[in-house]
Amino acid sequence: MSSNEHSSQLDQNPDTKPETLGHTRAVATSLQHPSYEPPAGFDAVQPATHRASTVIFPSVAAMRSRDWRHKNGYTYGLHGTPTTFTLEARLAAIEGARHCMLCPSGLSAIALVDLALVAQGEAVMLPSNVYGPSRELAERLLTGWGITVQIYDPLDVVAARAAITQHTRLMWLEAPGSVTMEMPDLRALIKLAREHGVITALDNTWAAGIALKPFDLGVDIAMQALTKYQSGGADVLMGAVMTRGDALHERLLYAHMRLGLGVGGDDASLILRGLHSLALRYGAHDASARRIAAWLQTRPEVQTVLHPALPGSPGHANWVRDCSAAAGLFSFTFRPWVNAAQVDAFVDALRLFKIGYSWGGPLSLVVPYDMGATRGDAWAHGSPLVRLSIGLEDPDDLIADIAQAIRACLR
Ligand SMILES: Cc1ncc(COP(=O)(O)O)c(C=O)c1O
């Protein structure tokens, strides 16, 4: 649905037209009913920002005829405004989906999928490198509701096959894991899930609708944290759940309504604005990250660089086969002679890289992770790990920043 369709629908609403009541209105009333006509011929680049909880119906008949599920009329702000419908339509088009639902954060989008599709007595599969709070949600909340959580190694399809039971309903995929950067064999995992009637949901935040086309690979649900690249400003939280199948969409849509996962028009406008520069920014993040990752590989202090586009990185062949680009996110580990305190000192010594969670924003970010604590014996690359989100600074300046921090702390 285009924004023009939305505005023409609003223009036809008689309640937005000035009217007389046969006497002078009190200020209190006039303040609520300004005689406002939207500017004619104002076909601006950005769609208007519509804010609403209440949507006014012209009559009882109109109220009864509108159905929140069909997104062809407005009923209540929670179920959508012209601004959120426009954003949903644009995101679905980029991802190759038929349906899109917005959620107030990426994590709430993950929760929506879990709560809509898995019930007591059933099981959900999560890759061992899944986004931490997604695992926390599953292991702390879902298990308390009688749902079994099955953790699988994303690089071991045989083990994943062995983990599936008759109770498994949902398999989460993450490509790549957003800290340890393994790129799974999505095709094999999706095929496996299909064979067992298990729904697949991909956290596709890293690809941002650009590097990977999940529905072409046969995934059922693509979820994204728009907080990262679509926003691009490090100042909005939002998530999206996208599908092609109508029946699956309907299951998700009811849960979306029942959980009250609406988003505000201002936030949706910020994401709509970010979308215009998404591909350019993504390409710049990608090019800089690959350059810095390649430089780090030449450093004697560095043990491993984990970036799916680098040969030797876990699942690199899957990246080559399925992806057309890479995000600005990667991790690395230092040689075993660098201790944990030195890694912390290195992170503190960085000037341009700021210490902070998230990724996809304009500033480069750094976070040290104690992988031994998180992954235990399954973590083969040494600990700690340093994750970098490469921003929009000049990569030479970022390399100089890393070099000075190494000189200051590791010699
Ligand atoms: C891979 C991944 N998925 C989901 C999320 C959640 O997004 P949000 O911060 O909007 O809840 C994040 C956030 O860091 C993430 O890295």
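Residues numbered from 1 in each chain as written. Predicted model: local features only at pLDDT ≥ 70, side-chain atom pairs only at ≥ 80, totals over all residues. Heavy atoms only, no water.

Chemist: Hey, could you run me through helix α15 (residues 395-409) in this one?
Modeler: Working note: α-helix, 3.6 residues per turn, so residues spaced by three or four point in the same direction. When the terminal C-alpha atoms of α15 are compared, their 21 Å separation across 15 residues agrees well with the 21 Å that a helix rising 1.5 Å per residue should span. Of the positions making up α15, those classed as buried are Pro395, Leu398, Ile399, Asp401, Ile402, Ala403, Gln404, Ala405, Ile406 and Cys409. Buried residues in α15 make contact with α11 (278-297), α13 (340-349) and β12 (385-389). For α15, the side-chain oxygen to backbone nitrogen distance between the N-cap and Asp396 is 2.8 Å, and the N-cap itself is Asp394. (Helix = DSSP H or I, 4+ residues; strand = E, 2+ residues; numbered from the N terminus. Expected span 1.5 Å × (residues − 1). Buried < 20%, exposed > 50% of the residue type's maximum accessible area, 1.4 Å probe, protein only. Contact = heavy atoms within 4.5 Å. Polar contact = N/O pair within 3.5 Å; in protein donor to acceptor, adjacent residues only side chain to side chain.)

Chemist: I'm lost on the pairing of strand β1 (residues 99-103) in this one. Help?
Modeler: Both faces of the sheet carry side chains from a regular strand, because those side chains alternate between them. Among the 5 residues in β1, 5 count as buried, and that is most of the element. Where burial is concerned, the two faces of β1 agree: the one with His99, Met101 and Cys103 and the one with Cys100 and Leu102 are both buried. Judged from the 5 bridges that link them, β1 and strand β7 (residues 239-243) form a sheet pairing that is antiparallel. Along β7, the bridge assignment pairs Leu102 with Ala240. (Pairing = 2+ DSSP bridges.)

Chemist: Please clarify how unusual backbone geometry should be interpreted in this entry.
Modeler: Peptide bonds are trans in most cases, and residues, glycine excluded, mostly fall at negative phi. In this structure, Pro176 follows Ala175 across a cis peptide bond, with omega equal to -10 degrees. Take Pro176: it is sitting in the loop between β4 (168-174) and α8 (186-195). Phi at Met181 takes a positive value of approximately 70 degrees, unusual for a residue other than glycine. Within the secondary structure, Met181 sits in the loop between β4 and α8.

Chemist: I tried to follow the nonpolar core on my own but got confused; where do I start?
Modeler: Within soluble globular proteins, side chains that are nonpolar generally end up buried alongside one another. If you look at the biggest cluster of nonpolar residues, it comprises 58 residues, and the most contacted ones within it are Leu87, Leu91, Leu102, Met171, Leu173, Trp206 and Met238. Among the secondary structure elements, those contributing two or more residues to this core are α4 (82-95), β1, β4, α8, β7, α10 (265-275), α11 and β11 (365-369). Taken domain by domain, the makeup of this core includes at least three residues from each of domain 2 (94-275) and domain 3 (278-409). Sequence-distant contacts of Met171, that is, excluding residues within four places in its chain, are made with Met125, Tyr152, Ile164, Leu189, Leu192, Ala193, Val198, Ile199, Thr200 and Ala201. By size, the runner-up hydrophobic cluster in this structure holds 32 residues, among which are Ile110, Val130, Leu248 and Leu253. (Core = buried A, V, L, I, M, F, W, Y, C linked by side-chain atoms within 4.5 Å. Domains from an automatic or database assignment.)

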